[in-house]
Amino acid sequence: VTVFGGSLLAGVIGAIAGLGGGVLVVPLLTVGLGVDIRYAIGASIISVIATSSGAAAAYVKDRLINLRIAMLLEIATTTGAITGAIVTGLVDTRVLFVVFGAVLLLSVLPLIRRIGEELPVGIKNDIWADRLRLASSYANARTGKIVAYEVTRVPLGFGLMYIAGLISGLLGIGSGTFKVLAMDSGMRLPMKVSSTTSNFMIGVTAAASAGIYFSRGDIAPLLAAPVALGVLLGAMLGTRFLVHASNSTVRKVFVPLMAAIAIEMLVRGTTTG
Amino acid sequence: VTVEEAPPGGKPLPGETASHSPINDVIALILRGGVYTSAVILVLGLVLFLIQSPAGRSVVTEVLRSSTVRPDIPTSFGAVGQGLRNFNASSIIELGVLVLLATPVIRVAASIFLFLFEADWLYTVLTSVVLVLLLISIFLLGALGIG
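Residues numbered from 1 in each chain as written. Chains lettered and ligands numbered in written order. Predicted model: local features only at pLDDT ≥ 70, side-chain atom pairs only at ≥ 80, totals over all residues. Heavy atoms only, no water.

Caption draft 1: Molecular detail of helix H7 (residues 154-171) of chain A. An ideal rise of 1.5 Å per residue puts 26 Å on 18 residues; H7(A) measures up with 25 Å between its terminal C-alpha atoms. Regarding H7(A), the residues found buried are Val154(A), Gly157(A), Met161(A), Ala164(A), Gly165(A), Leu166(A), Ile167(A), Ser168(A), Gly169(A), Leu170(A) and Leu171(A). (Helix = DSSP H or I, 4+ residues; strand = E, 2+ residues; numbered from the N terminus. Expected span 1.5 Å × (residues − 1). Buried < 20%, exposed > 50% of the residue type's maximum accessible area, 1.4 Å probe, protein only.)

Caption draft 2: Region of interest: the pairing of strand S2 (residues 146-149) of chain A. All names here are of chain A. Side-chain alternation along S2 places Ile146 and Ala148 on one buried face and Val147 and Tyr149 on a second face that is also buried. Looking at chain direction, strand S1 (residues 136-139) and S2 are connected through four bridges and run antiparallel. Counted as the bridge partner of alanine 139 is isoleucine 146 from S2. (Pairing = 2+ DSSP bridges.)

Caption draft 3: Looking closely at the packing of helix H9 (residues 191-215) of chain A against helix H11 (residues 247-270) of chain A. Residue and element names in this part refer to chain A. At their nearest, the axes of H9 and H11 sit 8 Å apart, and the two run at 55° to each other. On the basis of their axis angle, the class for H9 and H11 is oblique. For the pair H9 and H11, the contacting residues are Met191, Lys192 and Ser195 in the first and Asn247, Val250, Arg251 and Phe254 in the second. (Axes fitted to C-alpha atoms, helices over the stretch in contact; angles between N-to-C directions. Parallel < 35°, antiparallel > 145°, perpendicular 65-115°, else oblique. Contact = heavy atoms within 4.5 Å.)

Caption draft 4: Fine view of the confidence of the model for chain B. All names here are of chain B. Taken residue by residue, chain B gives an average pLDDT of 71. The fraction at 70 or more is 56%. Within chain B, strand S1 (residues 2-4) has the poorest average pLDDT of any element, 47, and helix H4 (residues 89-117) the best, 87. With pLDDT under 50 throughout, residues 1-19 is counted as low confidence; its partners more than four residues away or in other chains account for 33 contacts. Taken together, the stretch residues 66-70 has pLDDT below 50 and engages in six contacts with residues farther than four places along the chain or on a different chain. Taken together, the chains of this predicted complex give a pTM of 0.80 and an interface ipTM of 0.80. (pLDDT = per-residue confidence, 0-100.)

Caption draft 5: Representation of unusual backbone geometry. A positive phi angle is found at Arg188(A), which is not glycine, with a value near 55°. Mapped onto the fold, Arg188(A) is located in the loop between helix H8 (176-186) and H9. Judged by relative accessible area, Arg188(A) falls into the buried class, the value being 16%. Non-glycine residue Ala119(B) carries a positive phi angle of around 60°. Mapped onto the elements, Ala119(B) comes out in the loop between H4 and helix H5 (121-144).

Caption draft 6: Layout of the confidence of the model for chain A. In the predicted model, chain A carries a mean pLDDT of 75, and the fraction of residues at 70 or more is 84%. The lowest-confidence element of chain A is helix H1 (residues 2-17) of chain A, averaging 63 in pLDDT; the highest-confidence one is helix H4 (residues 67-87) of chain A, averaging 84.

Following this line, the structure appears as structure tokens:
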């Protein structure tokens, strides 16, 4: 019951912020319930896929997700994830947790300055965005207005996505935070587009590494079932909220969460293996 | 970014063609279908587990807390299939998990055909690349036990 309730919360938050909720599921299971870290990570992979599919179904229908950007960037994340899985073992994961935790913590600062920002202003398509027809629009559910947006610094976003994939492959985390960051700070998409497109993409990233966890027997059925059901229900509740929320509200959910994730990564890097 | 009034009659805005295509609806349908199917299987498996072994809960908790004892978890398609024939609750739950895992993969595969259907060659190719990379990482790396 605790697992279900906690997962429900993870699903709600994950669906809004564009992350998989692993950040909540892993500590809940390990610290809260004393589950071995292997099964906790196995369950968090399930939680990521459940959040992604559960939330994205609604967002795709509402046209919030930019499908072209998602498909393009998935090339970068899957390549990154494969690279990460191959070179893992050559590098000390504890060092990686500290490095990426620190990077994330530093990236929080510019976001705090922009926390009230509703839409990025004066963004013009770069040459790649034109060629790949990335610019799009979504309907603001509150005002009924169409919000059109352009996309900039596509190579930067692509590069950051490769790193996000690399982190997933190396550390076995969904890295939704890095994806949101790549689209928000890198390509300057509206926050809701960044968050929902990230949500859509993390399912693919997680599925890419799920094969490994499944064949190693890390996915425990009786843990996975309540986690998946809780997260699915939570994700569906979360989508209701996001569709009607403003971009700056989504930012206010995302930024503190990102700081928490950064700190959790630093803790994992300095304490356990 | 420009904010405009919604055009009457749904006239597409520049760069907005994709959102008037059925791609979004089909993908939403696939994701929703995968999620609901898996949820139903998971609930069935959980209920069956509680009927089969009402006292099993504490045992499971003990096993999951230990890093040395290997619980009996089916790890291959064969093992899951075997358990399904015996109405093994764990195998039914793993089937639900597999349906959930397959959902994003099916979504990518279906997108290839949707872009193809729209004669969007560029994105047909890009999405195919994603599918190949995804399958490489699931099956090849999974089989090698890397990661």
